[in-house]
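Remarks on the overall topology
Each chain, letter by letter, is given below.
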Amino acid sequence: MRNFFVQAYLSYRGLFLWLNWTAYISNVVLRPILMLLMFALVGKFAADSDAAQAYMIGMIGYAIPVILLGGILQSFVYERVFGTISFIYSSPGSRVAVFFSRGVLHFPNSILACALSFLFGWLVLSLDLSTLNWWTMIVSVLLTAAACTAFALFLGNFTMMLGEFFNLYNAAMGLFLAMTGVIIPIASLPWFFGDLANGIPLTHGLVALRGAFAGMDIGAVRDELLLEALVGLGYAIAGIVVYMLVERDARARSSLERSPA
Amino acid sequence: MTENNEYAVECEGLGRVYRSRSLLGQSRETVALQDLNLQIPKGTVFGVLGPNGAGKTTTIRILSTLLSATTGTARVLGYDVVKEGREVRKNIGIILGGDRGFYGRLTGKENLRYFAALNHIKPRDTDRIIDDSLAQAGLADQQKTLVEQYSRGMKQRLHVARGLLTDPGVVFMDEPTLGLDPLGAQELRQRIPALVGQGKTVLLTTHYMFEADSLCSRIAIINKGKLVALGTPAEIKRNFSSIGVIELTLNQTRPSLQEELTGLDGVKRATTSADGVYQKLTVHVVAGADLSDKIAEVVGKDHIENMVARDPTLEEAYLEIID
Ligand SMILES: Nc1ncnc2c1ncn2[C@@H]1O[C@H](COP(=O)(O)OP(=O)(O)OP(=O)(O)O)[C@@H](O)[C@H]1O
Ligand SMILES: [Mg+2]
């Protein structure tokens, strides 16, 4: 167990290249706050203060995957770029531990980004907390962050194979913005997108979070929380399975040994 | 486990073909290794020699489970590298060298701490083991420096430290002294017999013939993926090279001499080099042929200060075998 956290800590510092003041402040602090500001104002001027409130809650939730995907997807790419992947593959170390250790310290980052958005909304943008159920909010955020971590780890496999993370990252962020109910209600999504949204983390967590702001207690949003947890669990399991398949494929094709750049 | 436990490494018909795709989608095949059969007894140093691209690194990657073979089987300490990969990985150390393979943002010590954790070294032993291996690798002073600031040789030292971190029974070393300074290289060469003394088996590749000659009890030479010579250094020199060497010290030479000598039946190669005030003439002849008299005649007896026949050095034998 101790070894797991050593791996989590050192791989976080070794692979997360945004871990310097400029990159960290811009990605964990400024970006979520600016997104929040923009959508709060869009809501206010295009519609009314109800819309602004709804958009802000969406953006508070959206802050979670923004930073989780950015951090975790790059970790997987740099594992290959740095060539450390070979020494992981030639070690008897538990692949489950390696895989999940890559997410551990990005989780608190996402909570921080989310909390800062919340604070900014509250202090600057008059986010309405009059009916907020704190416990429901806390549980929704933690669970959503866990599910998004699992999703990011799952996608990390593919960025490692591609050897590049920005394209997939941008596509995934677009997906979150458009399809998880951050701005556009799920019910108004065209075609089969509404069903697809059910399989993406944040969708159900966000429904629960909106419930929290409407004063619902945990029991009232239990189903949504459960669905969010299930989606996360699905990606966690799929993620580790794909991770092991990638390792097998790398042995056969010698595909990850060279730096992609 | 197999019944036979005396071998650290066994390969049977081992082969590897790389498939790569060009931008236009045409697939290209490279036969990197072909039908390799080897048996390496426990507690020995085994050398693999061969030109660039011969398949040495490929062999090491297969044996350390990093790459799957396309044909044949391999066992390390009796464990099949494919079916019992995890057991193999528990018992090996690898030194691949090069600029990559570390977290540049972490210090040398932190890198070793990471790999100690990955390899399930007990937390309470970790500090002692890491400090020991940093000291042994001559990196004690740089342990707090970020690896991205390491020089090439310092990285190589860290590769060595990591490869030996888990006290593995079998160590694969791919050109381990490449990039080390003379002292560092010598220290590593002196460490290898000590490792073997502890019962470990070392498989190393190198382009330094003297290194192979002095360290290895047995050597394999591979060329274009095929085994072309196998045996003790002495056997390689005598049996595989099919040359003998005659060395002469001359007080005078002439430009046409080399050509005249290679014109002789049985002479394969003649080279001259300066040796103080004298000229050194090295003649490679077909093994077993007694050409001393003929050579002396061509050179001119009066010009010869000294003349000896000897076995080829490993380097001479190697060049002959690869040719
Ligand atoms: N990942 C790869 N994809 C395609 N071909 C490869 C790959 N790795 C090696 N090869 C080819 O396989 C052959 C053997 O390469 P290998 O690295 O085993 O040689 P080597 O004996 O270690 O050479 P060197 O002395 O230069 O290190 C070469 O022709 C090389 O081009
Ligand atoms: Mg090589």
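Residues numbered from 1 in each chain as written. Chains lettered and ligands numbered in written order. Predicted model: local features only at pLDDT ≥ 70, side-chain atom pairs only at ≥ 80, totals over all residues. Heavy atoms only, no water.

Our next topic: the overall build of chain A. Looking only at helices and strands, chain A has 11 helices and zero strands in total. Counting helices and strands in the order they occur from the N terminus, chain A gives α-α-α-α-α-α-α-α-α-α-α. Compactness check: chain A gives a C-alpha radius of gyration of 19 Å against a globular reference of 18 Å for 261 residues, within 12% of the reference. For chain A, the spread of C-alpha atoms along the principal axes amounts to about 55 × 40 × 35 Å. Within chain A, counting contacts between residues at least 6 apart in sequence, those at least 24 apart form 80% of the total. When the accessible surface of chain A is summed, it comes to about 10900 Å², and 72% of that surface belongs to carbon and sulfur atoms. If you average the places of the 13 positive and of the 13 negative side-chain charges in chain A, the two averages end up 15 Å apart. (Helix = DSSP H or I, 4+ residues; strand = E, 2+ residues; numbered from the N terminus. Rg over C-alpha atoms; globule rule 2.2 N^0.38 Å. Contact = heavy atoms within 4.5 Å. Areas by Shrake-Rupley, 256 points an atom, 1.4 Å probe, with all protein chains shown as cover. Lys, Arg positive; Asp, Glu negative; His and termini not counted. Charge placed at Lys NZ, Arg CZ, Asp CG, Glu CD.)

Helix and strand counts for chain B stand at 11 helices and 14 strands. Expressed along its principal axes, the backbone C-alpha trace of chain B runs to roughly 75 × 50 × 45 Å. Sorting the 323 residues of chain B into buried and exposed places 51% on the buried side. Taking the intrachain contacts of chain B between residues at least 6 apart in sequence as the baseline, contacts between residues at least 24 apart amount to 69%. For chain B, the exposed area adds up to about 15100 Å²; of that, 47% sits on carbon and sulfur atoms. A distance of 9 Å separates the average location of the 39 positive side-chain charges in chain B from that of its 40 negative side-chain charges. (Buried < 20%, exposed > 50% of the residue type's maximum accessible area, 1.4 Å probe, protein only.)

Let's shift gears to the packing of aromatic side chains. Under the criterion given, the structure shown has 25 aromatic pairs over all chains. Taking the centre distance of 5.2 Å and the plane angle of 45 degrees together, the rings of Phe99 of chain A and Tyr243 of chain A count as tilted. On the criterion of sequence distance, the pair formed by Phe99 of chain A in helix H5 (residues 95-101) and Tyr243 of chain A in helix H11 (residues 222-253) is long-range, its members being 144 residues apart. An aromatic cluster is built from Tyr12, Phe16, Trp18, Tyr78, Phe82, Phe165, Phe166 and Tyr169 of chain A, whose rings are joined through pairwise contacts. Here the guanidinium or amino end of Arg162 of chain B rests over the ring plane of Phe87 of chain A, the centre of that ring lying 3.5 Å away. Arg162 of chain B extends its terminal NZ or CZ atom over the ring of Phe115 of chain B, reaching a point 4.5 Å from the ring centre. (Phe/Tyr/Trp six-rings, centres within 6.5 Å; stacked < 30°, edge-to-face > 60°. Lys NZ or Arg CZ within 6 Å of the ring centre and 35° of its normal.)

Within the largest apolar cluster, 118 residues are counted, with the highest numbers of intra-cluster contacts made by Leu69, Tyr89, Phe176, Phe213 and Tyr243 of chain A together with Val76 and Phe172 of chain B. Element by element, the count of residues in this core is highest for helix H3 (residues 49-81) of chain A, at 16 residues. Aside from chain neighbours lying at most four places away, what touches Phe172 of chain B is Val9, Ile60, Leu63, Ser64, Val76, Ile92, Gly93, Ile94, Ile95 and Leu203 of chain B. Listed in part, the 26 residues of the second largest apolar core include Leu164, Met173, Met209 and Ile236 of chain B. (Core = buried A, V, L, I, M, F, W, Y, C linked by side-chain atoms within 4.5 Å.)

All names here are of chain B. Domains assigned within chain B are domain 1 (7-238) and domain 2 (241-322). On a C-alpha basis, the centroid separation for the pair domain 1 and domain 2 is 38 Å. Contact with domain 1, which involves 16 residues of that partner, is made by 11 residues of domain 2. Both sides together, the interface formed by domain 1 and domain 2 hides about 1100 Å², and carbon and sulfur atoms give 69% of it. The largest contributions to the domain 1 side of the interface with domain 2 come from Met209, Lys237 and Arg238, which together make up 51% of the buried area. Run the count over domain 1 and domain 2 and you get one salt bridge. (Domains from an automatic or database assignment. Buried area = accessible area lost by both parts, 1.4 Å probe. Salt bridge = Lys/Arg side-chain N within 4 Å of Asp/Glu carboxyl O.)

All names here are of chain B. One ladder, built from eight bridges, connects strand S11 (residues 243-250) with strand S13 (residues 278-286); its direction is antiparallel. Within S13, the position partnered with Ile246 by the bridge is Val283. As judged from the eight bridges shared by strand S12 (residues 267-275) and S13, these two strands associate in the antiparallel manner. For Asp275, the partnering residue across the bridge sits in S13 and is Tyr278. Joining the antiparallel neighbours S12 and S13 is a turn of two residues, in which Gly276 adopts a positive phi near 65 degrees. (Pairing = 2+ DSSP bridges.)

Assignment of secondary structure puts Ser117 of chain A in helix H6 (residues 106-123). Every residue in contact with Ser117 of chain A, bar those within four places of it in the chain, is listed here: Pro32, Leu36, Ile60 and Ala63 of chain A.

Bringing the site of ligand 1 into the picture now. Surveying the vicinity of ligand 1 reveals 16 residues, the closest of which are Gly53, Lys56, Thr57, Thr58 and His207 of chain B. Those residues lying near ligand 1 are distributed over chains A and B. Side-chain polar atom of Lys56 of chain B to an oxygen atom of ligand 1: 2.7 Å apart, as the coordinates give it. Within the side chain of His207 of chain B, a nitrogen or oxygen atom sits 2.9 Å from an oxygen atom of ligand 1. Considered on its own, ligand 1 offers 640 Å² of accessible surface; in the complex 73% of this is hidden by protein. Mapped by element, the contributors of at least two residues to the shell around ligand 1 are strand S2 (27-41) and helix H1 (56-63) of chain B. At three residues, H1 of chain B tops the list of elements feeding residues into the shell around ligand 1. (Near = heavy atom within 4 Å. Polar contact = N/O pair within 3.5 Å; in protein donor to acceptor, adjacent residues only side chain to side chain.)

In this section: the interface of chain A and chain B. Buried accessible area, meaning the area lost when the parts come together, often serves as the stated size of an interface. In this assembly, 39 residues from chain A lie in contact with 32 residues from chain B. Summed over both partners, the interface of chain A with chain B comes to about 3000 Å²; 57% of that surface belongs to carbon and sulfur atoms. At the boundary of chain A with chain B, the tally comes to one salt bridge. At the boundary of chain A and chain B, one finds 14 residue pairs in polar contact (both at pLDDT 80 or more). Taken together, the elements giving at least two residues each to the side of chain A that touches chain B come down to helix H1 (2-15), H3, helix H4 (85-89), H5 and H11 of chain A. Broken down by class, the residue content of the side of chain A that touches chain B amounts to 15 nonpolar, 14 polar and 10 charged. (Nonpolar A, V, L, I, M, F, W, Y, C, P; charged D, E, K, R; others polar.)

All names here are of chain B. With respect to topology, four strands assemble into an open sheet ordered S2-S1-S4-S5, the strand pairing being antiparallel. Every interior strand has two partners, whereas the edge strands, S2 and strand S5 (79-80), have only one. Where strand S1 (residues 7-21) lies against strand S4 (residues 71-76), five bridges are found, and the strand directions are antiparallel. When the bridges of S4 are listed, Glu12 appears paired with Thr73. Contacts between H1 and the sheet are confined to S1, S2 and S4, with S1 contributing the most and set at about 115 degrees to the helix. (Axes fitted to C-alpha atoms, helices over the stretch in contact; angles between N-to-C directions.)

All names here are of chain A. Taken together, the side chains of Trp134, Trp135, Ile138, Leu142 and Ile218 define a hydrophobic patch exposed on the protein surface, amounting to about 510 Å² of accessible area. Looking at the element boundaries, Ile138 is found in helix H7 (residues 134-162). On the basis of relative accessibility, which here comes to 35%, the residue Ile138 falls in the partly exposed class. (Patch = residues over 30% accessible without salt bridge, like charges linked within 9 Å, V, L, I, M, F, W, Y side chains within 5 Å.)

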